[in-house]
Amino acid sequence: MTLIKNLTSLFLAASLLLPTYAAAADYTLRIHHFLGEESLPHKGLLVPWARQVEADSKGRIEIQIHPGLELGGKTTELVDQAMDGTVDIIWTAAAYTPERFPHAEAFTLPLVYDGDPATTNQAMMSAMDSWLKQDFEGVKPLLVHVQAGHSLHLPHREVTEISDLTGMTIRPAGRRAGLWAVEALGANPSTKRHPKLSRALEENKLDAALMSSQLAQALDVIEAVKSHTMLAENRYFGTSLYLFLMNQASYDALPAELRSVIDRNSGMDLARQAGDMWQEAEERAIAAAREHGNVINILDDTQRKIAEKALQEVLVRWTEDVKTRGLDGTLMIDRARQEMSLYRK
């Protein structure tokens, strides 16, 4: 499948052409997530997926989507809601449940993640029946995926050399590898919550934020900053992991023909499509930053090598961390790189 322009719009348009069914569904599945209805995951992934499953089941499955934690609980509880059957399906960011998905986390680490979300998504889903499955006992992974990757977004200065980061206070991407990356690069990760991140950047409460450009656009950060720094062309300071999980009992309760509907709309094809969609969203966000007059800095070869040497400390730290849980981090990193090489374009 070639890269499809405006994949979100295409999915939504296609969903309008799907047949509708008047009879009551045999099964109702509820999807729960924490974002709003205008978010990329909701509009681009969950709504088209739900409508496609309903159509393919010929109306026997109804899927209700509940954004913004409508069904209660906290973002930190979404994975448990899927595991214990409080809801049938959830979508969430793995960062809200740190340390629970160490095997999948290996794919997101700086210097492991290669900047291609479609490749990484397919690699993770291909390993789901082997060494990744121990991360997901009690749930059926419909899709485990990443965003395009983390860049630096700065409101008042530019970063063209790694030494420019020394002493800066930076909002990290998550609590583990993203935070460690900030420290490895010589900056200080912010430990404060900033409900309005764009304002915190404008008011000099933060010197920078480490996140994807797509997320920066969604949070109005692009309008609040003046420059952005990438590790290299289409290379990032790591990425973030997202989870689209179904309660195993809810899946098992479906008859075989409806389980097949779920299966056909999950896995490898969905992984590739989601990767393409997030990559296109990233490219649109970078284009929006340029239109806004922001400077996009890409580290030159010398500075990239300095950054990569510093980021090796993140891999060492992560390997030591998972070792305390009896896991071989070096082996997991090697496996992740090998899996991604199989799907690299």
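Everything numeric in this text was worked out from a predicted model, so none of it was measured. (Residues numbered from 1 in each chain as written. Predicted model: local features only at pLDDT ≥ 70, side-chain atom pairs only at ≥ 80, totals over all residues. Heavy atoms only, no water.)

Strand order in this open sheet of six strands is E7-E6-E8-E5-E9-E11, and the pairing throughout is mixed. With partners counted over all chains shown, the strands left at the sheet margins are strand E7 (188–189) and strand E11 (295–298), one partner each. Pairing between strand E5 (residues 151–154) and strand E8 (residues 208–211): three bridges, direction antiparallel. Residue Leu152 lies in a different strand from E8, and its bridge partner there is Leu210. (Pairing = 2+ DSSP bridges. Helix = DSSP H or I, 4+ residues; strand = E, 2+ residues; numbered from the N terminus.)

This brings us to the environment of Val295. Relative to the helices and strands, Val295 is located in strand E11. Along the chain, Val295 and Ser227 lie 68 residues apart, while their C-alpha atoms are 4.5 Å from each other. Excluding residues that lie within four positions of it along the chain, Val295 makes contacts with Glu158, Lys226, Ser227 and His228. (Contact = heavy atoms within 4.5 Å.)

With that out of the way, let us pick up the packing of aromatic side chains. The geometry of an aromatic ring pair is captured by the separation of the ring centres together with the interplanar angle, meaning the angle of the planes. Going through the model one piece at a time under the given rule, you end up with six aromatic pairs. Residues Phe34 and Trp91 carry aromatic rings whose centres are separated by 5.9 Å and whose planes lie at 25° to one another, so their mutual orientation is stacked. In this pair, Phe34 sits in the loop between strand E1 (27–32) and helix H2 (40–56) while Trp91 sits in strand E3 (residues 89–93), placing the two residues 57 residues apart along the sequence. The residues Phe34 and Trp91 share a single accessibility class, namely buried. Summarising the aromatic geometry, the rings of Phe34 and Tyr96 are spaced 5.2 Å apart at their centres and angled 80° between planes, so their arrangement reads as edge-to-face. Highlighted residues: Phe34 in the loop between E1 and H2 and Tyr96 in the loop between E3 and helix H4 (102–105), separated in sequence by 62 residues. By relative accessible area, which is 18% here, Phe34 ends up buried. Put simply, the rings of Phe34, Trp91, Tyr96 and Tyr242 touch in pairs and so form one group of aromatic residues. Against the face of Tyr251 rests Lys140, its NZ or CZ located 4.6 Å from the ring centre. (Phe/Tyr/Trp six-rings, centres within 6.5 Å; stacked < 30°, edge-to-face > 60°. Buried < 20%, exposed > 50% of the residue type's maximum accessible area, 1.4 Å probe, protein only. Lys NZ or Arg CZ within 6 Å of the ring centre and 35° of its normal.)

Once that is clear, we can look at the side chain of His32. With respect to the helices and strands, His32 occurs in strand E1. Given a relative accessible area of 0%, His32 falls into the buried group. Sequence-distant contacts of His32, defined by excluding residues within four places in its chain, comprise His66, Leu69, Glu70, Leu71, Gly72, Leu78, Gln81, Val87, Ile89, Ile90 and Trp91.

Another aspect to go through is the pattern of salt bridges. All chains considered together, the criterion is met by 19 salt bridges. Of the charged contacts in the structure, one is a salt bridge between Glu257 and Arg60, with a shortest N-O distance of 2.9 Å. Taken together, the residues span a long stretch of sequence, with Glu257 in helix H11 (residues 256–264) and Arg60 in the loop between H2 and strand E2 (61–66) at a distance of 197 residues. Each of the salt bridges in this network shares a partner with another, and the network as a whole consists of Glu99, Glu105, Arg176, Asp321 and Arg325. (Salt bridge = Lys/Arg side-chain N within 4 Å of Asp/Glu carboxyl O.)

Relative to the elements of secondary structure, Glu339 occurs in helix H14 (residues 329–341). Of the side chains bearing the opposite charge, Arg335 lies closest to the buried Glu339, which forms no salt bridge; the N-O distance is 7.1 Å. Each residue touching Glu339, except ones within four places of it in the same chain, is listed here: Phe107, Ala123, Ser126, Ala127 and Trp131. (Lys, Arg positive; Asp, Glu negative; His and termini not counted.)

Moving on, we come to the environment of Val322. Along the chain, Val322 falls in helix H13 (residues 301–323). On the basis of relative accessible area, Val322 is assigned to the buried category, the value being 0%. On a C-alpha basis, the gap between Val322 and Trp180 in space is 14 Å, while along the polypeptide they are 142 residues apart. In this view, Val322 contacts Pro102, Arg176, Leu327 and Gly329; residues no more than four positions away in its chain are not counted.

A word on the confidence of the model for the chain. For the chain, mean pLDDT is 93; residues scoring 70 or higher make up 93% of the total. This model gives residues 1–8 a pLDDT under 50, and the stretch forms 19 contacts once residues within four places in sequence are excluded. (pLDDT = per-residue confidence, 0-100.)

Take the sheet that holds E1 next. Spatially, the five strands line up as an open sheet ordered E2-E1-E3-E10-E4, and their pairing is mixed. Each of the sheet's edge strands pairs with one partner strand only, and the pair in question is E2 and strand E4 (139–146). Each adjacent strand pair in this sheet contributes to an overall mean axis angle of 15°, direction not counted. Relative to E2, E1 runs parallel, the two being bridged by six bridges. Note that in E2 the partner of Leu29 across the bridge is Ile63. Seen against the sheet, H2 touches E1, E2, E3, E4 and strand E10 (241–247) and runs at an angle of roughly 165° to E2. Contacting E4 and E10, helix H5 (residues 117–126) runs over the sheet at an angle of about 155° to E4. (Axes fitted to C-alpha atoms, helices over the stretch in contact; angles between N-to-C directions.)

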